[in-house]
Every structure is written in C-alpha cells, then in structure tokens.
Amino acid sequence: MKSLCFSPRTASLSISRQSNSPSLSSTARLATIDAAAAIITKWDAETSAYARVTSLFHESKREAMQFIKSVNELQDIMHLLVSDQDSGSEKFSQAQRLMQIAMKRLQKEFYQILSTNRADLDPESVSTRSSRTSTSMSDYDDDGSPDDEIRTAGDSITELEDVSSTAMSDLKLIADCMIASGYAKECIRVYKIIRKSIIDEAIYKLGIEKLSSSQKWLDAEKISFRTLFKGERILCDHVFSSSDSIKESCFAEISKEGATLLFGFPELVAKAKKSPMEKMFRILDMYTAISEDWQEIETIFAFESVSAVRLQAINSLVRLSESVLSLLTDFESTIHKDSSKAMTPGGGLHRLTMYSMDYLTLLADYGNILTDIISDWPPPAKSSLPESFFDSPVSEDSPRPAISVRIAWLILVLLCKLDCKSKHYKDVSLSYLFLANNLQHVISKVHASNLMYLLGEEWITKHEARVRQLAANYERLAWGQVFASLPENPTASMTGGKAKERFMKFTSSFEDAYSKQCSCVVPDLKLRDEIKASIETKVVAVYREFYDMHKSTVGEESSEKLFVRFSPEDVGNYLSELFIATVSSGSSSTSSSTSSHHHRYMRSLLRA
C-alpha cells in the first residue's frame, strides 16, 4: 500500500514510496535529521567553496550514495512529522531547509553530469551500449542499484561505454530522488534544455531542415533514427523509469519536432515532378528505409504524445507507394507510346529494349518492397494487347505473386511493341532476326538478375523456345535459297552440265544471301554461335560433299574457275564472319575486321 509524504516546497501531499521507519522515536528522528544535516551542509554550494567547485558524484561515489540515502531518510522523517501533525515544529523546519539545500545540490549534480558527459551520453553511445548489453527499453529495473547496473555491463562494454553507463546510472539515481521529493519540475527542466540542444544540434548537422536530395535523406535517416532517436528514447526511459508520464513528456518535447521533420521529407519527394527513371529508385529506397525500420519506429515513438511522428511516417509511406504505382503506369505508357519508326541497323537491339530491361532489372532488386506496394493493385487490362500475346505467365490459370504478374506484363507490353516495330523492315528475314535479338537480350537480362526469381524457369523456357523459332524463321527466309541450291543427295552422280548448273546456282544464291546478311548483327554470343552453326551445318557440310564429288566434272581449269567460285573453306570463312558488326545507340558501326573481310570477299567475286 502506498503512503503519503510531504512535499516541502508546496506544503502539499504527494504519492511516494513506503516509509521504511513508520514508528521512529523522537530521538531517532532527531539523530536522522542531524546525520542528514552533516552531509547535506557539507555539499551546500552557498556556504562551502569546496562544494562550489567540486562534483559530489565525480569526487566520491560512496559519499554520493550516502547523500541520496540521507535525502530519502529525511523525506521519511518529514512524512512522519506530517502524520503526527508536527509540521510546525523546529525539527520539521530544519528538515525542510535541508531538503531545499539537497535539491539544489542534486539539481546542480544533474546538470553537471548531463553537461560534462555530452560526448558519452550522445545517442549513438547510448544506443551502442544498449545493444552490447542486450538491454531493451523495457528491461530497466526501477529497483536496480547503480552498482548493479555497472556490474552487469562488466567487461562486455568498452571504456567509453562504461563512462556512459555510469553517467546514466547517476542520472537515474538523482532523478528518482528528486521526483520522490517533489522536485520533478526542476529535474525535468534541466534535462529537456540540455538534451534538446543535443538533438537539435545533431538535426542541424545532418541538414534535415534543408534537405535537397533523397540520398542525403537516406544517410540522415540511418543516422538520426538508428542512433539519435533510438538512443534518446533509451536514455529517457532509463533516467525517468520511475515515471511513465515524465519520460513520455521529456522524449516528446526533445524528439518530436526533429522526427516529424525527418519523416516529412519523403512525402515532399513523392510529390516532386521528375523523370520516372530518375525518381523511381530514389522513392523505392526511401520506402525501403521507412518500412524496414517501421517496427522500431512504432516502438521508439509509441507514446501518444509523439503519434504525429508515426502518422507522418505512415503518410510518407502512402505517398511513396502511390508515386511508385504512378511511375509504373508511366513506364508502361512510355513503352506503349514509343512512336519511333527508325529501324535498328542490322536487326540489332532497339534502344527501347535496352532502356526497358535496364529499368526492369533494377526494379527486380526491390522485389519484396514492390510486392508490398502493388499487392492490392488491380491486375493489368489484357484488352490493351492483341489476343495473340495472351499466351504468357500472366494467365489466371496459375496465380502468381502480384509483382511477378506485373513484371511479366510489362515485358509482354515491350515484346508487343517490338513486334510492331519489326514490321518496318522491308526484308522479312531481318524482322525475324530483330525480334530474336531483342528477345534474347530480354532473356539474358532476366537470367542475370533477380527477374529470374520473379518470372521463374517456365517463363524462361517458353521464351527461349520462342527465340529458337524466330532464329529458325530468319534462317529459312535469309538462307533458304542457298539451302535449296544444293542437291538433296550431294554425292549422287550427275553430268558435267548439271554440275556446272548447280555450282552456278549455289554461287549466285550464296553471293546474294551473303551480300544482304553481312551487315546483320547478333550481339548475343551464344545466339550468334547457334545461328552460324546451324547455317554452316546446312551449307558447308553439304557443299563440301558436292564439291569433292563434282569439282572435277566441270571441265578444264579455266572452266573450273568460271563455274566453281568458292571452295568449302571459302564458304566456311565467309559464314564465320557473319553477325559480328556492332550496333550502338541505334546506329550501326561495323568493326574494321568485318569491313576488311567484306572487301576481301568482294575482290574474290572479281577473280578470273
């Protein structure tokens, strides 16, 4: 059961701890007052020069503990005197004067500890100490002695952290004593002034009041939240653990303004007008920072008096998520609206493909965050694409995570746009090569990024088969006449006239095909080797058999030179030089090696 004690400053009653000496004799009471007077007057800064320049807690921790004990006993005596209706006695007046002197001393000590230990009580040191000793904000024991707390820290903290621990324990001891004695207001005022100046100075140094970029905000958020506000909450909870209302009041006044300012900046960024590529990833980084720290934000700013901080953080998350959805819509619209009709030379990579896949690759790194943001976003409207493109992982028959569906859809939109662009090529074979190259680039980007985990093996397998089909279509249209110029049975016997006719037909079709295809490009090395190997298998091997069997049947050497223009080695060399031209930023630039080979080929056509 709690008892009532006298507050010497206000001559009123307040709730306090249970008196340890409810029935002391008059002599014992007097002795207690005298003992308290001895140590309290020793440290009266108004009457002692020594006390004026010396810190009690720094000079002698044992004597500081005795000082606190004497104040508590003096409080008990005053409570008994009030209970005995003896508050007008000389003993009570003496005890009251001693209490006022003691409170001034403790207020001075409280100020000195906070001031001289600014570096050791900075939020980073406090939060580090808390982490090292596995002490959470709710683990502080109101009844634990300072010596016990220091002993608990033991060897697990550094010398700097030991100083921090000692200062925190001393502050808690003084705060408990002053609050119990009715001097909470003086204690709180000193604490708020000094600690708010530290937080405000840190906020200023971090530049939170004049932030201009999201990267600076990310740096500031990491420091201010994980050390500044976290450390201040730990310190407040520890020093004022005896009073929930006081620790809430102190933390709110010290931290609310700076924290609200910090979490308000992302909302401003979300409203700013910038290009999607530039803005999207800054917004995602900010959303990630807040969402990853959300549990601690709720813990640190759990008080109702700082609910505005939580609300501001939530508002920023909402605005950031809305901005992400808007930017994704803009990105899809950018693909739809791309109206460039310029054909990529050689059937190479279109700038839209490279831009889009770079964008999607970066988006995939935020898979978990995007999953959270778009989980309730309505699925894309399939009516915006031709029916022929519905054969994709967006199928409703096999439900997939919203982020996987959305990414697959965006790639589908891109492929549909590329299909439209391929129709600008007059050479149909080149349109197939264009589609194969660009789809292969899409697949390569998927393979080399987190897109692979979002889209899955089934998606990759399906689109790899599509690349093979497109490559086969290119090969059939571009090289079909060459394949057809060779006999089905190259070793079958035939007359010299027939042999000459076949050689001439092959030479003509090969020259025509090569002259058209020598400027084609296949940037992907694997696809390039596969296409060349397929063409070489169908041409060089068959031509070699035919050449070896029928070269001698065309007649004399002069006749041979006229009808047999290429050896199998020549054909193989020319085919090996295909597809190595490079395409950069939508313009074609053929390598010097390729150009040299091409000129050599042209000269071979003119040999006698």
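Structure: see above.
Residues numbered from 1 in each chain as written. Predicted model: local features only at pLDDT ≥ 70, side-chain atom pairs only at ≥ 80, totals over all residues. Heavy atoms only, no water.

S.K.: Any chance you could explain helix H21 (residues 525-550) here in plain terms?
M.R.: For an α-helix the count is 3.6 residues per turn, leaving residues at separations of three or four pointing the same way. Its 26 residues give H21 an end-to-end C-alpha distance of 36 Å, which sits within 8% of 38 Å, the value for a rise of 1.5 Å per residue. Residues of H21 that are buried: Leu 527, Arg 528, Ile 531, Lys 532, Ile 535, Val 539, Val 540, Tyr 543, Phe 546, Tyr 547 and His 550. If you follow the buried residues of H21, they end up packed against helix H18 (428-447), helix H19 (451-485), helix H20 (496-517) and helix H23 (568-576). The N-capping residue of H21, defined by a side-chain oxygen 3.3 Å from the backbone nitrogen of Lys 526, is Asp 524. (Helix = DSSP H or I, 4+ residues; strand = E, 2+ residues; numbered from the N terminus. Expected span 1.5 Å × (residues − 1). Buried < 20%, exposed > 50% of the residue type's maximum accessible area, 1.4 Å probe, protein only. Contact = heavy atoms within 4.5 Å. Polar contact = N/O pair within 3.5 Å; in protein donor to acceptor, adjacent residues only side chain to side chain.)

S.K.: It is not clear to me how the pattern of salt bridges should be interpreted in this structure. Could you clarify?
M.R.: Close approach of charged atoms allows side chains of opposite charge to pair. Summed over all chains, the structure comprises 26 salt bridges. Ionic pairing is found between Asp 200 and Lys 196, a salt bridge with its closest N-O pair at 2.9 Å. Of this pair, Asp 200 and Lys 196 both sit in helix H9 (residues 184-206), four residues apart, which is roughly one turn of the helix. Lys 421 serves as the salt-bridge partner of Asp 338, at 2.7 Å between the closest nitrogen and oxygen. In this pair, Asp 338 sits in the loop between helix H14 (307-337) and helix H15 (351-364) while Lys 421 sits in helix H17 (residues 402-422), placing the two residues 83 residues apart along the sequence. In this structure, Asp 338 and Lys 421 share a single accessibility class: buried. Each of Glu 267, Lys 271, Arg 319 and Glu 322 takes part in salt bridges that share partners, so that together they form one network. (Salt bridge = Lys/Arg side-chain N within 4 Å of Asp/Glu carboxyl O.)

S.K.: Got a minute to help me understand the packing of aromatic side chains in this structure?
M.R.: When we look at a pair of aromatic rings, we describe it by the centre distance and by the angle of the planes. Within this structure, the stated rule accounts for 25 aromatic pairs. A ring pair is formed by Phe 506 and Phe 510, whose centres lie 5.7 Å apart and whose planes are at 15 degrees; its orientation type is stacked. A residue pair is termed a helical-turn pair when its members lie 3 or 4 positions apart in one helix, as Phe 506 and Phe 510 do in helix H20 at four residues. Accessibility classification places Phe 506 together with Phe 510 in one group, the buried group. Relative to Tyr 543, the ring of Phe 506 has its centre 4.2 Å away and its plane inclined at 15 degrees; by these criteria the two rings are stacked. Here Phe 506, found in helix H20, pairs with Tyr 543, found in helix H21; they are 37 residues apart in sequence, far enough to count as distant. (Phe/Tyr/Trp six-rings, centres within 6.5 Å; stacked < 30°, edge-to-face > 60°.)

S.K.: Looking at this model, I keep getting lost on empty space enclosed by the protein. Mind explaining?
M.R.: Over the atoms rolls a probe the size of a water molecule, and its path tells where empty space is left. Summed over the entire model, instances satisfying the criterion amount to one cavity of 30 Å³ or more. The wall of the largest cavity is formed by Ser 340, Lys 341, Ala 342, Met 343, Thr 344, His 350, Lys 421, His 424, Tyr 425 and Phe 434. Residue composition of the lining of the largest cavity, grouped by class: four nonpolar, four polar and two charged. (1 Å grid on protein atoms, 1.4 Å probe; cavity = no way out; pocket = protein on both sides within 12 Å on 5 of 7 lines; lining within 4 Å. Points joined across faces, edges and corners; volume = space filled by probe spheres on them. Nonpolar A, V, L, I, M, F, W, Y, C, P; charged D, E, K, R; others polar.)

S.K.: Would you explain unusual backbone geometry in this entry?
M.R.: Glycine aside, a negative phi is what most residues show, and trans is what most peptide bonds show. Notably, Phe 579 is not glycine yet its phi reads approximately 70 degrees, a positive angle. Locating Phe 579 in the fold gives a position in the loop between H23 and strand E3 (582-584).

S.K.: Help me out: how do you make sense of the environment of Trp 459 in this one?
M.R.: Residue placement: Trp 459 occurs in helix H19. Separated by 51 residues in sequence, Trp 459 and Ala 408 place their C-alpha atoms 8.6 Å apart.

S.K.: Hey, could you run me through the packing of H14 against H15 in this one?
M.R.: Each packed pair of helices is defined by two parameters, the angle between the axes and the distance between the axes. Their axes nearest at 11 Å, the elements H14 and H15 cross at an angle of 160 degrees. Relative to H15, H14 is oriented roughly antiparallel. When the axes of H14 and H15 are compared, the crossing they make is left-handed. On H15, the residues that touch Leu 327, Leu 328, Phe 331 and Ile 335 of H14 are Leu 352, Tyr 355, Ser 356, Tyr 359, Leu 360 and Leu 363. Classifying every residue of the contact of H14 with H15 gives nine nonpolar, one polar and no charged. (Axes fitted to C-alpha atoms, helices over the stretch in contact; angles between N-to-C directions. Parallel < 35°, antiparallel > 145°, perpendicular 65-115°, else oblique. Left-handed = near helix turned anticlockwise from the far one by under 90°.)

S.K.: It is not clear to me how H9 should be interpreted in this structure. Could you clarify?
M.R.: For H9, built from 23 residues, the straight-helix expectation of 33 Å at 1.5 Å per residue is met to within 8% by its first-to-last C-alpha distance of 32 Å. Two residues or fewer after H9 comes Gly 207, characterised by a positive phi angle close to 75 degrees.

S.K.: What's the story with the nonpolar core in this structure? I'm lost.
M.R.: In summary, soluble globular proteins display a tendency toward joint burial of nonpolar side chains. Phe 110 and Phe 301 are the most contacted members of the largest nonpolar core, which has 165 residues in total. When residues in this core are grouped by element, the largest group, 13 residues, is from H19. Here Phe 110 is in contact with Leu 171, Ile 174, Ala 175, Cys 187, Val 190, Tyr 191, Val 239 and Phe 240, once residues within four sequence places are set aside. (Core = buried A, V, L, I, M, F, W, Y, C linked by side-chain atoms within 4.5 Å.)

S.K.: Hey, could you run me through the packing of helix H1 (residues 26-42) against helix H4 (residues 61-83) in this one?
M.R.: Packing of H1 against H4 brings their axes to within 9 Å, and their N-to-C directions diverge by 140 degrees. Relative to H4, H1 is oriented oblique. At the point where H1 passes H4, the crossing takes the left-handed sense. For the pair H1 and H4, contact is made by Arg 29, Thr 32, Ile 33, Ala 36, Ile 39, Ile 40 and Lys 42 and by Glu 63, Gln 66, Phe 67, Ser 70, Val 71, Glu 73, Leu 74, Ile 77, Leu 80 and Leu 81, respectively. Looking at the contact of H1 with H4, its residues break down into 10 nonpolar, three polar and four charged.

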